Amino acid sequence: MTGAQIAARAATQRSVFPRARTGSRVADAVFRAAMYGAIAVGFLALAVLLYEVAHDGAGRLTWDFLTRFPSKVLPETSGIQSAIVGTLYLMALTAVFVVPLGVATAIYLEEYADRDRWYNRLVEVNIQNLAAVPSVVYGILGLAFIVRGPLGMGRVLLAGGITLGLLVLPVVIIVSREAIRAVPPSVREGALALGATQWQTIWKQVLPGSVAGIATGVILALSRAIGETAPLLLIGAAASPRFNPSGLFDSFTALPIQIFVWTQDPDRSFVSAAAGAILVLMLILLLMNSVAIFLRNRYEQKW
Amino acid sequence: MGASLHYTRTRRARGEHAIRIALLAAAAVSVVTTVLIVLSLVRETITFFGEVPIGDFLFGTKWTPTFAGDQQSFGVIPLITGTLYLSAIALAVAVPLGLLAAIYLSEYAPPRVRRMVKPVLELLAGVPTIVFGYFALTFFTPDVLREALGLDVRQFNALSAGIILGLLVLPTIASVAEDAMSAVPASLREGAFGLGASKLQVSLRIVFPAALSGIVAALILGASRAVGETVIILIAGGQVARLGIDPLQGYQSMAAYIAAQARGDIPTGSIEYGTIFAVGLTLFALTLTLNAISIRLVRRFRQVYE
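Being a predicted model, the structure only gives us computed values, none of them experimental.

Visitor: Go over the overall build of chain B, please, and point to the residues and values.
Guide: Counting its regular elements, chain B contains 12 helices and 2 strands. Ordered by position in the sequence, the α and β elements of chain B form the string α-α-β-β-α-α-α-α-α-α-α-α-α-α. Taking 2.2 N^0.38 as the reference for a compact globule, 306 residues should give roughly 19 Å; the C-alpha atoms of chain B span a radius of gyration of 25 Å, well beyond that estimate. Here the C-alpha coordinates of chain B stretch approximately 80 × 70 × 35 Å along the principal axes. Relative to its full complement of 306 residues, chain B shows a buried share of 49%.

Visitor: Describe the overall build of chain A, and please don't skip the residues or the numbers.
Guide: Along its length, chain A carries 12 helices and 0 strands. Moving toward the C terminus, one meets the helices and strands of chain A in the order α-α-α-α-α-α-α-α-α-α-α-α. Whereas a compact globule of 303 residues would reach a radius of gyration of roughly 19 Å, chain A reaches 25 Å, over 25% beyond that. With the C-alpha coordinates of chain A rotated into their principal frame, the extents come out at 75 × 70 × 40 Å. Evaluated residue by residue, chain A yields a buried proportion of 46% over its 303 residues.

Visitor: Would you mind going over the confidence of the model for chain B in detail, with residue names and values included?
Guide: Taken over all residues, the pLDDT of chain B has a mean of 89, while the share at 70 or more is 95%. Two summary scores accompany this predicted model of the complex, namely pTM at 0.89 and ipTM at 0.90.

Visitor: Break down the interface of chain A and chain B for me, with residues and values.
Guide: At the junction of the two partners, chain A supplies 75 residues and chain B supplies 80 residues. Looking at the side of chain A that touches chain B, the element that brings in the most residues is helix H2 (residues 22-57) of chain A, giving 17 residues. Looking at the side of chain A that touches chain B residue by residue, the class counts come to 55 nonpolar, 16 polar and 4 charged.

Visitor: Can you explain the packing of helix H7 (residues 157-181) of chain A against helix H9 (residues 198-226) of chain A? Please cite residues and give values.
Guide: All names here are of chain A. Direction vectors running N to C along H7 and H9 enclose 150°, while the axes themselves pass 8 Å from each other. Relative to H9, the element H7 lies roughly antiparallel. Crossing handedness for the pair H7 and H9: right-handed. Every residue of H9 that contacts H7 at Leu164, Leu167, Val168, Val171, Val172, Val175, Ser176, Glu178, Ala179 and Ile180 is listed here: Val206, Ser210, Gly213, Ile214, Gly217, Val218, Ala221, Arg224 and Ala225. Each residue belonging to the contact of H7 with H9 can be placed in one class, and the counts come to 13 nonpolar, 4 polar and 2 charged.

Visitor: I'd like a rundown of unusual backbone geometry, residues and numbers included.
Guide: Phi angles above zero are rare outside glycine, and Ser240(A) is one such case at about 50°. Within the element layout of this structure, Ser240(A) appears in the loop between helix H10 (230-235) and helix H11 (255-264).

Visitor: Tell me about the nonpolar core, and please be specific about residues and values.
Guide: Counting 192 residues, the largest nonpolar core has Ile140(A), Ala277(A), Ile278(A), Ile164(B), Ile173(B) and Ile232(B) as its most contacted members. At 17 residues, the largest contribution of residues to this core is made by helix H3 (residues 77-108) of chain B. Apart from residues no more than four positions distant in its own chain, Ile232(B) is found in contact with Thr129(B), Phe132(B), Gly133(B), Ala136(B), Ala161(B), Ile164(B), Leu165(B), Leu168(B) and Gly237(B).

Visitor: Mind laying out H7(A), listing which residues take part and the relevant values?
Guide: The end-to-end C-alpha distance of H7(A) is 35 Å, a good match for the 36 Å that 25 residues give at a rise of 1.5 Å each. Considering bend angle alone, the principal kink of H7(A) is centred on Val168(A) and spans about 45°; proline Pro170(A) follows within four residues of it.

Visitor: I'd like a rundown of the environment of Val73(A), residues and numbers included.
Guide: All names here are of chain A. On the secondary structure map, Val73 appears in the loop between helix H3 (63-67) and helix H4 (81-112). Judged by local crowding, Val73 falls into the exposed class, with 8 C-beta atoms found within 10 Å. Here the alpha-carbon distance between Val73 and Asp267, two residues 194 residues apart in the chain, equals 8.7 Å.

Visitor: Residues and numbers for the environment of Ala262(B), please.
Guide: Note on placement: Ala262(B) falls in helix H11 (residues 254-263). What Ala262(B) contacts, discounting residues up to four positions off in sequence, is Leu143(A), Leu233(A), Leu234(A) and Ile276(B).

Visitor: So what's going on with the environment of Pro128(B)? Residues and values would help.
Guide: Residue placement: Pro128(B) occurs in the loop between helix H4 (111-126) and helix H5 (129-148). Assessed through the 22 C-beta atoms surrounding it within 10 Å, Pro128(B) is described here as buried. Sequence separation between Pro128(B) and Ala22(B) is 106 residues, and the spatial gap between their C-alpha atoms is 35 Å. Residues contacting Pro128(B), with those up to four places away along its chain left out, are Gly227(A), Pro256(A) and Leu281(A).

Visitor: Pulling in residues and values, what's your account of the packing of helix H6 (residues 135-147) of chain A against H11(B)?
Guide: Contact geometry for H6(A) and H11(B): axes closest at 10 Å, N-to-C directions at 35°. For the pair H6(A) and H11(B), the sense of crossing is left-handed. Where H6(A) abuts H11(B), its residues Val136(A), Ile140(A) and Leu143(A) lie against Ala255(B), Ile258(B), Ala259(B) and Ala262(B). For the contact of H6(A) with H11(B), a count of residues per class yields 7 nonpolar, no polar and no charged.

Parameters at a glance
Residues numbered from 1 in each chain as written. Chains lettered and ligands numbered in written order. Predicted model: local features only at pLDDT ≥ 70, side-chain atom pairs only at ≥ 80, totals over all residues. Helix = DSSP H or I, 4+ residues; strand = E, 2+ residues; numbered from the N terminus. Rg over C-alpha atoms; globule rule 2.2 N^0.38 Å. Buried ≥ 20, exposed ≤ 12 C-beta atoms within 10 Å, placed from the backbone. pLDDT = per-residue confidence, 0-100. Contact = placed C-beta atoms within 7 Å. Nonpolar A, V, L, I, M, F, W, Y, C, P; charged D, E, K, R; others polar. Axes fitted to C-alpha atoms, helices over the stretch in contact; angles between N-to-C directions. Parallel < 35°, antiparallel > 145°, perpendicular 65-115°, else oblique. Left-handed = near helix turned anticlockwise from the far one by under 90°. Core = buried A, V, L, I, M, F, W, Y, C linked by C-beta atoms within 7 Å. Expected span 1.5 Å × (residues − 1). Bend = angle between axes of the 7 residues up to and from the residue.

This is the structure we're talking about:
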């Protein structure tokens, strides 16, 4: 039934809307209460979650905790240096991998692709589907193709970076496309009319006009990447290493993995260490999101 | 002069062409990714089915791949029912709450409130799943379910993992459903108001049905997220594949099994290694189907109004 049909039916059948009775006013109030309740549950869940984590972990936020290496036996002197360093490395690697690839794909789809060609439609449908593939499946790809199998890198930092890059690639493509699409056609037409080539138009006009939107999207995609646990578990991130990765081909860990390891530890005194690591992870995410919001507000182009 | 102009043009044209090819190559990476995912899943799964009959896998009701000898069994049914059961609990929480939130944001909320509520929901959506898992295990199970509600739950149980999974899915459902309802043209609402309908009637009988395909797409998207979520269930839902629907017991999902199994250092080519891929392929097929349905619904819904 289309909207027009609904409207037509509403217009022809008087009985659709009986006169407001007191009962309906009660229904209205009940419904309002239910809606406020639903919103309140979301707010409350977030508030309690933040409170619990802060309550469990705030005591651990010391310089020692940030700079020491994790210990498998001593919760009190455990730290998260290798996890923080690993997460920062992963973030950088993912960015290096995903930004050129994602933005190039977005430019291709928005500026070059002819929608009538089957291969262009294939790329579009494929990206939509990839965005819905569970992260653990990307982990399987990383395990079978990058860590073992054809690439055979082993359980190294680079394998983690590539896997997370592939995981967030669809997100970066989708947000970059939106940012590029927001640049009005008149900008392109003006540049082309002045004799610029298509690429010059894109490089000098379209990309500068959409860079704020792209940067915002990339930051959000990266914040999703560094919060991921499942793919890194499959790839085989190290549990509580007492060293930082020395290069792309060294073993590594990351904050989510360290949190997972501590949550699983039968010695419950590691729980506060897990909460401390969660706080650090959430602070990093908060910082990234603030930067994204700042970029959006400060540099977003209004056409 | 004319010659040099000509020269510049062809060089330019060649450069433009090269750029186009390079961009197309970048776009091809995402297709290659899909191909590689399918290839790696299928290849190992075929090897796996060389050792375990496909019928035993699909219809067997006992999942004990790590047991020895006679006790070893590869029936995937418990993992599938576990996945569906945990997702069902999550959706039982997330669907009513998410839809109510969506109706509120789309139909009732003043713009000022909307601008405040939406970022909070986005914040909830941005919390890493490991944090939800921690929350379920260290707070929701012991403090809420056991102490406050007096339920006799196991340390790892479906109720806690499912409800917290629901919180994870809630923002997804709320935001996609809200987009669908906001896209319903104002003229429909105005027409109904003109006929004397109340706000509630307009919301539930005009906007909701008009946006139905988009709303269903939101629900399917939420279901697909719940089905594919790994860490919450791995941490709080239990690691024993079991048939049944007792919310106080722990169950394992497909995704959680994959992560739990891959953590061990299983040798490539072993039968346990094969299970990761067979289960992974099953999960991949399930989420792909859900996503295909949702894309189709969203497309249909867009065609109506644009």
